[in-house]
Amino acid sequence: MQVVNWLPRTELPFAAPSRPELLQALEPFEPFDASGEEAAAPVAVVKPAAEAAVRPSERVKIEVPRPSTAPKPVAAADDTPAPVAKAPVVPPPRFALQLLRAGRCLVLVELPTGERFQARDPAYLLLKDMLRAAGLPDSPQIVGEPVRWPLLVRGNMDQGPDAARDFVQGFVSARLEDEPCVCLWLIGLPAVRFAGEANAEAWYRELQVEGLGSVWALPGLELLMEEPQRKADVWQAMRRLMARWKTTDE
């Protein structure tokens, strides 16, 4: 049957492995040549066998990163200037002062209600009593409009404590240039603070303020009404200073 090779379709168990060269087809041969002579024995031409199975790829080496022993570069100093913290915004002080003239004295007094004195106001009646006890006219003359601070409700103008002090002192100084006085009464903490540059510890004392001369610091009229015992301290201090504004013929 001229069957040269036979190979199974499936791989048989325990069978020897197939040889690839047996699968190659043989060149056809002729038993006799053209002259009638027997041809030479056919030589099977075998194609080169398939290359050997590829070797299993070598295991790939995985490089595990190791910690570097080189020193880490020091980050360059940031030349960006640090943000400057803004100073807290201080709300402007709020007060109302009225300047009065009584004989040879000027009186800068805090307005308890923020409005001008009325004839029957208890605070104004107390002020009249104090002027009378000091030997001064008890109907003082109003000098200028009340000084109310802050000046503006809106705006970017500085209205802090320093600006308030400069304004009050400038206002009083201008009135002193019009007509000098021998003593300036400062009644109420705003008057003492922003004209006399002092605080409550200076009450009942005489101070010297540059540009304003001799000033006398006193508690506010409302505080004197709420704490009547303070009137005795006012009277004692008044007796020491009375000679300043009293004339020799009085």
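Residues numbered from 1 in each chain as written. Predicted model: local features only at pLDDT ≥ 70, side-chain atom pairs only at ≥ 80, totals over all residues. Heavy atoms only, no water.

The name given to the chain in an unreviewed UniProt entry is Energy transducer TonB, and the organism recorded there is Pseudomonas hygromyciniae.

Colleague: I'd like to hear about the overall build of the chain, residue by residue, with values.
Modeller: Broken down by element type, the chain carries five helices and six strands. Counting from the amino terminus, helix and strand elements in the chain follow one another as β-β-α-β-α-β-α-β-β-α-α. Evaluated residue by residue, the chain yields a buried proportion of 30% over its 250 residues. Intrachain contacts of the chain at a sequence separation of at least 6 include 64% that bridge at least 24 residues. Just so you have it, the chain exposes about 18800 Å², and 55% of that area is on carbon and sulfur atoms. (Helix = DSSP H or I, 4+ residues; strand = E, 2+ residues; numbered from the N terminus. Buried < 20%, exposed > 50% of the residue type's maximum accessible area, 1.4 Å probe, protein only. Contact = heavy atoms within 4.5 Å. Areas by Shrake-Rupley, 256 points an atom, 1.4 Å probe, with all protein chains shown as cover.)

Colleague: Could you give an account of helix H5 (residues 230-245), naming the residues involved and the relevant values?
Modeller: Taking 1.5 Å as the rise per residue, H5 with 16 residues should run 22 Å; its terminal C-alpha atoms sit 22 Å apart, in good agreement. The sharpest bend along H5 measures roughly 45° and falls at Arg239. When H5 is considered as a whole, its buried residues turn out to be Val234, Ala237, Met238, Leu241, Met242 and Trp245. Close packing links the buried residues of H5 with strand E2 (105-110), helix H1 (122-133), strand E4 (183-187), strand E5 (206-209), strand E6 (213-218) and helix H4 (221-226). (Expected span 1.5 Å × (residues − 1). Bend = angle between axes of the 7 residues up to and from the residue.)

Colleague: Please give an account of the packing of H1 against H5 that cites residues and values.
Modeller: Taken N-terminus to C-terminus, the directions of H1 and H5 make an angle of 35°; their axes are 11 Å apart at the nearest point. H1 and H5 meet at a crossing whose hand is right-handed. On the side of H1, the interface is formed by Leu126, Met130 and Ala133, while H5 contributes Lys231, Val234, Trp235, Met238 and Met242. (Axes fitted to C-alpha atoms, helices over the stretch in contact; angles between N-to-C directions. Left-handed = near helix turned anticlockwise from the far one by under 90°.)

Colleague: Would you mind going over the pairing of E6 in detail, with residue names and values included?
Modeller: With five of six residues buried, E6 lies mostly within the body of the structure. Pairing of E4 with E6, which is carried by four bridges, proceeds in the parallel orientation. The partner of Ile187 across the bridge, within E6, is Leu218. In this sheet, E6 lies alongside E5 in antiparallel orientation, the contact comprising four bridges. Bridge pairing in E6 places Leu207 opposite Val215. Following E5, the chain reverses through three residues before pairing antiparallel with E6; Gly211 in that reversal takes a positive phi of roughly 90°. (Pairing = 2+ DSSP bridges.)

Colleague: Explain the sheet that holds E6 residue by residue, including any values.
Modeller: Strands in a sheet are paired, the pairing made by backbone hydrogen bonds, and the direction either parallel or antiparallel. Strand order across the open sheet formed by six strands is E3-E1-E2-E4-E6-E5, with mixed pairing between neighbours. Here the strands that pair on one side only, and so sit at the sheet edges, are strand E3 (141-149) and E5. Within this sheet the neighbouring strands show an average axis-to-axis angle of 25°, counted without direction. Relative to E4, H1 is tilted by about 150°, and along the sheet it contacts strand E1 (95-102), E2, E4 and E6. Contacts from helix H2 (residues 161-178) reach E1, E2, E3, E4 and E5, with the element oriented near 170° to E3.

Colleague: So, the pattern of salt bridges: which residues are in play, and what are the values?
Modeller: Taken as a whole and assessed by the stated rule, the structure comprises 10 salt bridges. Here Glu115 and Arg148 are joined by a salt bridge, their closest N and O atoms 3.5 Å apart. Placement of the pair is Glu115 in the loop between E2 and H1 and Arg148 in strand E3, with a sequence separation of 33 residues. Here Arg132 and Asp129 are joined by a salt bridge, their closest N and O atoms 2.8 Å apart. Pair noted here: Arg132 and Asp129 are both in helix H1, with a separation of three residues, about one helical turn. For Arg132, a relative accessible area of 44% puts it in the partly exposed group. Residue class for Asp129 comes out partly exposed when judged on its relative accessible area of 41%. A single network of salt bridges, built from pairs that share partners, joins Asp129, Arg132 and Asp138. (Salt bridge = Lys/Arg side-chain N within 4 Å of Asp/Glu carboxyl O.)

Colleague: Tell me about H1, and name the residues and values.
Modeller: Relative to the 16 Å expected for 12 residues at 1.5 Å per residue, H1 spans 17 Å between its end C-alpha atoms, a close match to the ideal helical length. For H1, the set of buried residues is Ala123, Tyr124, Leu126, Leu127, Lys128, Met130 and Leu131. Where H1 ends, the next residue or the one after it, Gly135, has phi of about 80°, a positive value.

Colleague: Tell me about the packing of aromatic side chains, and name the residues and values.
Modeller: Scanning the entire structure with this criterion turns up six aromatic pairs. Here the aromatic rings of Phe95 and Phe194 are separated by 4.8 Å at their centres, their planes lie at 20°, and the arrangement is stacked. Residue Phe95 is found in strand E1, and its partner Phe194 is found in helix H3 (residues 189-194); the two are separated by 99 residues along the sequence. Per residue, the accessibility class of Phe95 equals that of Phe194, and both read buried. In this structure an aromatic cluster arises from ring pairing among Trp185, Trp216 and Trp245. The side chain of Arg175 reaches across the aromatic face of Phe171, ending 5.1 Å from its centre. (Phe/Tyr/Trp six-rings, centres within 6.5 Å; stacked < 30°, edge-to-face > 60°. Lys NZ or Arg CZ within 6 Å of the ring centre and 35° of its normal.)

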